[in-house]
Each structure stands twice: as C-alpha cells, then as structure tokens.
Amino acid sequence: MSATSTSGSVAGATSEDIFRLSTAMDSTDLTESSSNSTVTQTLPFSSGNPRIEEIRGIMHLYRDDSSNSNLPVGRKPLVCVLAVPNHMTYADFCQFCGSFIQHILEMRIVRNDGDEDQYSVLIRFDGQESADNFYKHFSGKRFSSMEVEVCHVLFTVDVQFTASIEHAHTSPASSTEQPSCPVCLERLDQEMGGILTTICNHSFHCSCISKWTDSSCPVCRYCQQQPEKSKCSVCETLENLWICVICGFLGCGRYKEGHAIRHWKETQHCYSLELETRRVWDYVGDNYVHRLIQSKTDGKLVELNTCMHTGDYGSCKCSKDFGTGEVLFSSKLEAIVDEYNDLLTSQLENQRTYFESLLLEAKEETEKEISESVDKAVGSRLQKLQSKLDKHMEEKKFLEEVNVNLMKNQDFWKSKILEIEERERKALKMRDEKIEALEEQLRGLMAYIEAENTEEQVSASSEITNGMVVSMEATNSNAKNASRSSNRRRT
C-alpha cells in the first residue's frame, strides 16, 4: 500500500513494518506529545540510496536536559544515537555497543539532513531496563579514546514518515515467510537475534554485519562515506571541471577561469575529459574526440578517424550505405583488436623471454658466486689448518729435542747424585769417627781433671795425716798413667 503523510497527519502508518520499529503512537500519545512540545524536539532524517529510493521522515526526540538527572517520564525502549561519525562502519558501531548488542532487537541507520559526515542510529531494545542502562552507560561517552566525538543518546518519542513509499502490510501474527539475511540466508527473525538495517534499506543480522569491516553495504555496495566533490586544483571551483587524461590535472573550463586550457598551453597535454558529460576534448583539433588510440610511430594518443555512428544512424554522412559502413567499421575494429592482441602477445612473450634470461643469468651468477665462495672458504680453511699443523709439528720437534736433553741431564744428574750421596756417606763416617775420638779425649780430659782435683785434696789432707798422703799419691799416679795411655791410643 502507499503511505503518504505530512509531519502532522501520519499517526497510524508510521511504523507498520517500514522500519520494523514499534514506535506507533495512538491519538492520546500524540495529543500528549503536542502538549509537551517543550520537552521534545524534532529532527528530520532520510534513508535509502538516493539513486534508487529515498525515504524521508521526522524523529520526535526528548530534549537533552543535562541539568535534570531524572529520565524522561513516559519513555519507550527506543533510543536514537546522534552524530555518529561516518568513518565508523557498521561493524565498528556493533563493537562499540558491546554487551548491549544481545538486548537490541532492531537497529536502523538513518541520515541526518544537512550532515554529510555523520549519521544517526535508531535502536529498539527488548525492555525498558536495557534501554535505560544503555542510555546511562553511553550518553556522553567518547566513541574512541583517540577521538573527540562523544556519543549523544536521546530517548525517542515517535518516528513519522513524510515521503510516499510502497510496502506490503503484514501483521505481527502473520505466518508468511520473513525476508532472509543476505549473508547467512537465515530468516530475519527478532527471536534469532538483533536486526540491523543499513542506510540503503538492506537488513542483516547484527552478528552477520559485525563481521563486515567495509563501510559499504554487502548487497548494493552503497557507501555511507560519500566521496569528496571534485574541485579545480587552482581556484577550487566545483563547476565545469575538466581532467587531463595524460597527467590527471583537474582544472576548470574556459567559461570559468580557464585553468584546464592553461594547463594544455603549459604542458601540451591536448586531451581533457569533461567530468559532467564524460566526453574528451582535443585542444589541438578544437573538437570532441570520440575514440583515442596509441600511435605506433611515436606512442602518443591520437584520434581514431572512424565514425562511431553516435545518434541517428540515418544521418551519418561518412557512408551512404549503412550496412557497408557497419561491416567496414567491424572489420577495422576486428583488425585493430587482432593487432593489439598480437602486439600484446608478442610483448608478453618478449617480456617472458627477457625475464627468463634474467632469471637464468641470476641463477648462474648465484651458483658461480656460491662455488667461488665455497672454494675460497675451503682454501682459506685448509691454509689455516696447514699452518696449524706446521706449527704443531714444530712444537713437537722442539719438545722431542727438549725431551732428549732432559734425558741426558737426567743421567748426568743421577750420577752426580750418587757421587754426592757417596761423599755424604764418607763425610758422615768421618764425622762419626771424629765424634768418637773427641768423646774419648773428653773422657780422658775429664779423668785427668778429676785426678788433678783428687791430688789437690790428697795434698791438703796429707798435712793432717801422713799415712793418708802415701795412699793418695799412689792413686794419683795410677790416674795419670791411665790418662797417658788413653792419649796414646787416640794419637
């Protein structure tokens, strides 16, 4: 059915499976919302591929009252994340939601009017508690620690559509088959997991789209990050732009500042492509060029002098017979194609032969260098080993000579030791004999001394008794005789 509405007349058909968001409000809710317009705000949005289909609408959001910490009264489990930067892909946003992804029933990416580098996300949760926790956790939080953008989360009152679209009306209790996910081919059922609808109105499972790291849609390749608009490299104008097909210089046409034609005069690059019509202009011939080929003589780009029969074939003046001209053109085209194929084949064959010869030369040179390195290493190793061997042989010869000399010295010193020992024995023997002689002399001397002492005592006592003197004289004479005999034996 066709759902056409304005900002104030769509209440019953605002959310019947268009976004699959349960945001419909009855007449009482609309009356209450209009009466409390001071606490809500409206925000226009759009979705869909502008080249195929575009849906426009208005979101009614609760105002962000930072002074009041209480949550809005009468809120629903439907929130809107505003001003998400375009460089965040669908997978990045799913990863940013973290643990709340399992409580999300549906997410829809919408485009804010006037914000080309940002988008918003409508999220419906499985319960009010999950929506409140999501709001408390992510409101005012940075999307990344390396960026300054923060997450703005607002509770959503209602979503209204202001564009005419065609869609099929299905009741929630319908038994018809649900659309399938283009990634896993499973049905898009909320009971199986959250559903994410991209900005081009294609729906996927959140678990499937979270694995898609590209910013484009997996189905239509529509990218939420629109490319930058081309502009003149000199004056930065956005209209009547021409790009040089040789070096890529982007300049404005002669009806603006004429930077493209100035580039031709400075560089002699005569072919330029008009971005709006995709036609090539030849500054030298001062006309449009329908087909360019490369000249064999100098390799430059030149115009193929063949009518391309653009427009009405009957008005072509290059040939009176259309069939003959078409056959001639086809034959020329086939000849050119064959010539280019042959040229490409020959060039590829030459390149193959050339690179094979380079590989063969490199292989031979590598093998030669390896053999030379091996020979050099082996030769140097043998020289080192030979020098070590000669050195060890010299050391061995020297040690043998030293051994012979030591053996000779050993015999000499053995005989010397024997002589010294014999001399020592004789010296010890003579010393013992001298000691015995000295002991005998000492004994004789002691006896003589004792005899002298005795004689003195006897002379002293003879004065007392005459009889005793005689006996003492006989004793002294015996002692003297004994000492003289002992002296004679020693001598």
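Above this text you will find the structure in question.
Residues numbered from 1 in each chain as written. Predicted model: local features only at pLDDT ≥ 70, side-chain atom pairs only at ≥ 80, totals over all residues. Heavy atoms only, no water.

Caption draft 1: View of helix H2 (residues 90-97). Of all eight residues that make up H2, six are buried, and the element is covered over most of its length. Where H2 is concerned, the buried positions are Tyr90, Ala91, Phe93, Cys94, Phe96 and Cys97. Tucked inside the fold, the buried residues of H2 contact strand E4 (78-85), strand E5 (104-112), strand E6 (118-125), helix H3 (128-138), strand E9 (195-197) and helix H4 (206-209). Once H2 finishes, Gly98 follows within two positions and takes phi at roughly 65°, a positive value. (Buried < 20%, exposed > 50% of the residue type's maximum accessible area, 1.4 Å probe, protein only. Helix = DSSP H or I, 4+ residues; strand = E, 2+ residues; numbered from the N terminus. Contact = heavy atoms within 4.5 Å.)

Caption draft 2: Inspection of the pattern of salt bridges at higher detail. If you walk through the whole model with that rule in mind, you get seven salt bridges. The residue Asp132 makes a salt bridge to Arg75 at a minimum N-O spacing of 2.9 Å. You can see Asp132 sitting in helix H3 and its partner Arg75 sitting in the loop between strand E3 (55-62) and E4, a full 57 residues away along the chain. Of the charged contacts in the structure, one is a salt bridge between Arg124 and Glu106, with a shortest N-O distance of 2.2 Å. One end of the pair, Arg124, is in strand E6; the other, Glu106, is in strand E5, and 18 residues separate them in sequence. (Salt bridge = Lys/Arg side-chain N within 4 Å of Asp/Glu carboxyl O.)

Caption draft 3: Broad picture of H3. For H3, the complete set of buried residues consists of Ser130, Ala131, Asp132, Phe134, Tyr135 and Phe138. Each element contacted by the buried residues of H3 is listed here: E4, H2, E6 and strand E7 (152-161). Positive backbone phi, at 85°, marks Gly140, one or two positions downstream of H3.

Caption draft 4: A look at the sheet that holds strand E14 (residues 280-282). As summarised here, the arrangement of the five strands in space is E12-E11-E13-E14-E15, forming an open sheet in which the pairing is antiparallel. The strands lining the two open edges of the sheet, one partner per strand, are strand E12 (250-252) and strand E15 (287-289). Here the strands of the sheet are splayed against their neighbours by 40° on average, with no regard to which way each runs. For E14 and E15, the ladder comprises three bridges, and the chain directions are antiparallel. The residue of E15 that forms the bridge with Asp282 is Asn287. Across the sheet, helix H5 (residues 259-267) is in contact with strand E11 (241-244) and E12; its angle to E12 comes to roughly 120°. (Pairing = 2+ DSSP bridges. Axes fitted to C-alpha atoms, helices over the stretch in contact; angles between N-to-C directions.)

Caption draft 5: Quick look at the environment of Asn49. If you trace the backbone, Asn49 turns up in the loop between strand E2 (40-47) and E3. As for Asn49 and Cys200, which are separated by 151 residues in sequence, their C-alpha atoms are 4.9 Å apart. If we skip the residues at most four places from it in the chain, Asn49 touches Glu54, Ile199, Cys200 and Tyr222.

Caption draft 6: A look at the pairing of E5. Among the nine residues of E5, nine are classified as buried, and the element is accordingly described as predominantly covered. In this structure, the hairpin formed by E5 and E6 is closed by a connection of five residues, where Gly114 is found at a positive phi of approximately 95°. In this structure, E5 lies alongside E9, joined through three bridges in parallel fashion. Counterpart to Glu106 in the pairing with E9 is Ile195.

Caption draft 7: Local environment of the nonpolar core. Counting residues in hydrophobic clusters, the biggest one holds 40 residues, and the most contacted among them are Val81, Phe93, Met107, Val121, Ile123 and Phe134. Among the secondary structure elements, those contributing two or more residues to this core are E4, H2, E5, E6, H3, E7, E9 and H4. The residues touching Ile123, leaving out its near neighbours within four places in the chain, are Pro77, Leu78, Val79, Val81, Phe93, Ile104, Glu106, Met107 and Phe134. In this structure, Phe45, Met59, Val159 and Phe161 belong to the second largest nonpolar core, which totals 12 residues. (Core = buried A, V, L, I, M, F, W, Y, C linked by side-chain atoms within 4.5 Å.)

Treat this as a map of the structure, not an account of what it does.
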